[in-house]
Amino acid sequence: MTMMTDKYNLRPMRGQDIFQLWPIVVDGILVMACKKGGDVVDTEVKYLHKVAGDDFDKLYSTYVKDGGAWVLEDKEAAPDQIALAYPDLFPLTQLDSLSASNEADFPAYMMDPPQHRIVGMICLQKEGDIGVIRRFFLRRDYQGQGLGSKMFSVLEDFAKKQALVQLKLDTLSFYPVVQMYQKLGFKLTKSEYWASGVDTVYLEKDLTVKPNL
């Protein structure tokens, strides 16, 4: 991955990044709950919280080692954390065990603390010659600037260099980001309706098709 602009840099994830990433992920989960119109402490959100926690417990083996995981930095801002709206449900103390797990998993050279503010993340899992995009998050106060599209552009270039022929992802239907995915060339392949009233949509992009000039 390479620098996107003079102000923003997309770099490989390191173990200590989780202290800035965790609040961003939690904020994304809470936004989902609010969009759904439900109680942010219902069992569904607790389940999503557990999934995120389990995921962060295995960042290196799940993403970094065999696929890729990157964070977006604002090079003009110092590291900080988003204040958690529901610290009882999403305690920062959970990071103690997650940090210990990552410290044991990540190589030592990938444990240096970040020098800049982390504002987003994106991960890629390889399944043969297909890349599955996971954990795409961007801080709310950095959305609407085209940064998500730039992150996907860099990720796509990386996927092509890895000889991947397709990118896949899934998300919730009410997220505005679905429109961004479609503008970037992703095609809707199917949707699933859950009893909770939420639709999950699945999208794919063929990397072997050359764009029309």
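For the structure, see preceding data.
In this text, all values refer to a predicted model and were calculated from it rather than measured experimentally.

Quick notes on the rules
Residues numbered from 1 in each chain as written. Predicted model: local features only at pLDDT ≥ 70, side-chain atom pairs only at ≥ 80, totals over all residues. Heavy atoms only, no water. Phe/Tyr/Trp six-rings, centres within 6.5 Å; stacked < 30°, edge-to-face > 60°. Helix = DSSP H or I, 4+ residues; strand = E, 2+ residues; numbered from the N terminus. Buried < 20%, exposed > 50% of the residue type's maximum accessible area, 1.4 Å probe, protein only. Salt bridge = Lys/Arg side-chain N within 4 Å of Asp/Glu carboxyl O.

**Let's talk about the packing of aromatic side chains**
Point 1. As enumerated under the stated definition, the model contains 7 aromatic pairs in all.
Point 2. Aromatic pair Tyr 8 and Tyr 142: ring centres 6.2 Å apart, planes at 85 degrees, arrangement edge-to-face. With Tyr 8 in strand S1 (residues 8–12) and Tyr 142 in the loop between strand S4 (130–138) and helix H5 (147–161), this residue pair connects regions lying 134 residues apart in the sequence. Each member of the pair, Tyr 8 as well as Tyr 142, carries the same accessibility label: buried.

**Here's the deal with the pattern of salt bridges**
Point 1. This structure, assessed with the given rule, holds 11 salt bridges.
Point 2. We note a salt bridge from Lys 7 to Asp 74, for which the minimum N-O separation is 3.0 Å. Here the residue Lys 7 occupies a position in the segment before S1, and Asp 74 occupies one in strand S2 (residues 68–74), the gap between them amounting to 67 residues.
Point 3. Judged by its relative accessible area of 26%, Lys 7 is partly exposed.
Point 4. Using a relative accessible area of 3% as the deciding quantity, one classes Asp 74 as buried.
Point 5. As a salt-bridge pair, Arg 139 and Asp 80 come within 2.9 Å of each other at their nearest N and O atoms. With Arg 139 in the loop between S4 and H5 and Asp 80 in the loop between S2 and helix H4 (94–105), this pair connects stretches of sequence that are 59 residues apart.
Point 6. Judged by its relative accessible area of 7%, Arg 139 falls in the buried class.
Point 7. According to the relative accessible area criterion, Asp 80 is partly exposed, its value standing at 25%.
Point 8. One salt-bridge network, held together by shared partners, links Asp 80, Arg 117, Arg 139 and Asp 141.

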